[in-house]
Amino acid sequence: MGTYEIVNGLPRNPVGRTGIQGRGLLGKWGPNHAADPIVTRWKLNSKGQVELNLKSQKPILQFVAVERKDTKEWAIPGGMCDPGEKITQTLKREFMEEALDSHNMNEKDLKEYLSKLNELFKSGDEIYRGYVDDPRNTDNAWMETIAVNFHDQNDLFRNVELSAGDDAGKVCWMDINSGLKLYASHSEFIHQVALIHNADW
């Protein structure tokens, strides 16, 4: 996504030194590309109406959040792009694996959920593209991501039971607000989503 220098045969982190040399925990030297699907919906009250925050009087937005197994931090479900994989495929695959546990799904449910996901992922708003401040970054390897918001306006996933899988230990619909503490740069992405939808923050 971004440009960087090669120094002494090694890629150099374009943002600056981290104090850690080598590849660290990342799979590749230089940029490691990821995709973060931000799936949102409006929070409804007991009457089925969009719930407003009492203080701001703005509607409350929710997003699908996963608790990472490695750091126990809440995050956007996402992950690394496989070689030759299109970004749209990565976004869909990561959501299926981490938020719906597609690896342990029967064929009938898999077909049904894929149909809903294809409909939801037809169009999305790109929230961010580029370098991300990630704890795994080193002087010679770093994370770059594309974060895309898919808003479930038609309630395709309103009655779908989320199920954590792959790198996720837990999954839920989480209220979006300024008090969120999320992994890496994820809080910044979620803030942008709230602004786009004019939701409570």
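Refer to the structure above for everything that follows.
A.B. asks: What exactly am I supposed to notice about the pattern of salt bridges here?
C.D. replies: The final tally for this structure, using the stated rule, is 12 salt bridges. Arg-93 is paired through a salt bridge with Glu-94; the nearest N and O atoms lie 3.0 Å apart. Both residues of the pair, Arg-93 and Glu-94, count as buried. Counted as one network, the salt bridges with shared partners bring together Asp-82, Glu-85, Arg-93, Glu-94 and Glu-97.

A.B. asks: I'm lost on helix α1 (residues 87-99) in this one. Help?
C.D. replies: The α-helix winds at 3.6 residues per turn, so residues separated by three or four positions along the chain end up facing the same way. Look at α1: 18 Å from first C-alpha to last across 13 residues, which is about the 18 Å you get at 1.5 Å a residue. Taken as a whole, α1 has its buried residues at Thr-90, Leu-91, Arg-93, Glu-94, Phe-95, Met-96, Glu-97, Glu-98 and Ala-99. Buried residues in α1 make contact with β3 (30-42), β4 (61-68), β6 (79-80), α2 (107-120), β8 (141-151) and β9 (168-175). Positive backbone phi, approximately 50°, marks Asp-101, located one or two places after α1.

A.B. asks: What should I look at first to understand the packing of α1 against α2 in this one?
C.D. replies: Each pair of packed helices can be summarised by the angle the axes make with each other and by the distance between the axes. Two elements in contact, α1 and α2, have axes whose closest approach is 11 Å; the angle formed by their N-to-C orientations is 135°. For the element pair α1 / α2, the angle class is oblique. Crossing of α1 over α2 shows right-handed handedness. For the pair α1 and α2, the contacting residues are Lys-92, Phe-95 and Met-96 in the first and Leu-110, Tyr-113, Leu-114, Leu-117 and Asn-118 in the second. When its residues are assigned to classes, the contact of α1 with α2 shows 6 nonpolar, 1 polar and 1 charged.

A.B. asks: Sorry, what's going on with the nonpolar core here?
C.D. replies: The nonpolar side chains of soluble globular proteins are, as a tendency, buried together. Grouped together as the largest cluster of nonpolar side chains are 23 residues, with contacts concentrated most on Val-39, Val-64, Phe-95, Leu-100, Phe-121 and Phe-157. For this core, the secondary-structure elements that each account for two or more residues are β3, β4, α1, α2, β8 and β9. Other than its neighbours up to four places away in sequence, Val-39 contacts Gln-62, Phe-63, Val-64, Phe-95, Leu-120, Phe-121, Phe-150 and Trp-173. By size, the runner-up hydrophobic cluster in this structure holds 22 residues, among which are Trp-42, Ile-127, Leu-180 and Leu-182.

Procedures and definitions
Residues numbered from 1 in each chain as written. Predicted model: local features only at pLDDT ≥ 70, side-chain atom pairs only at ≥ 80, totals over all residues. Heavy atoms only, no water. Salt bridge = Lys/Arg side-chain N within 4 Å of Asp/Glu carboxyl O. Buried < 20%, exposed > 50% of the residue type's maximum accessible area, 1.4 Å probe, protein only. Helix = DSSP H or I, 4+ residues; strand = E, 2+ residues; numbered from the N terminus. Expected span 1.5 Å × (residues − 1). Contact = heavy atoms within 4.5 Å. Axes fitted to C-alpha atoms, helices over the stretch in contact; angles between N-to-C directions. Parallel < 35°, antiparallel > 145°, perpendicular 65-115°, else oblique. Left-handed = near helix turned anticlockwise from the far one by under 90°. Nonpolar A, V, L, I, M, F, W, Y, C, P; charged D, E, K, R; others polar. Core = buried A, V, L, I, M, F, W, Y, C linked by side-chain atoms within 4.5 Å.

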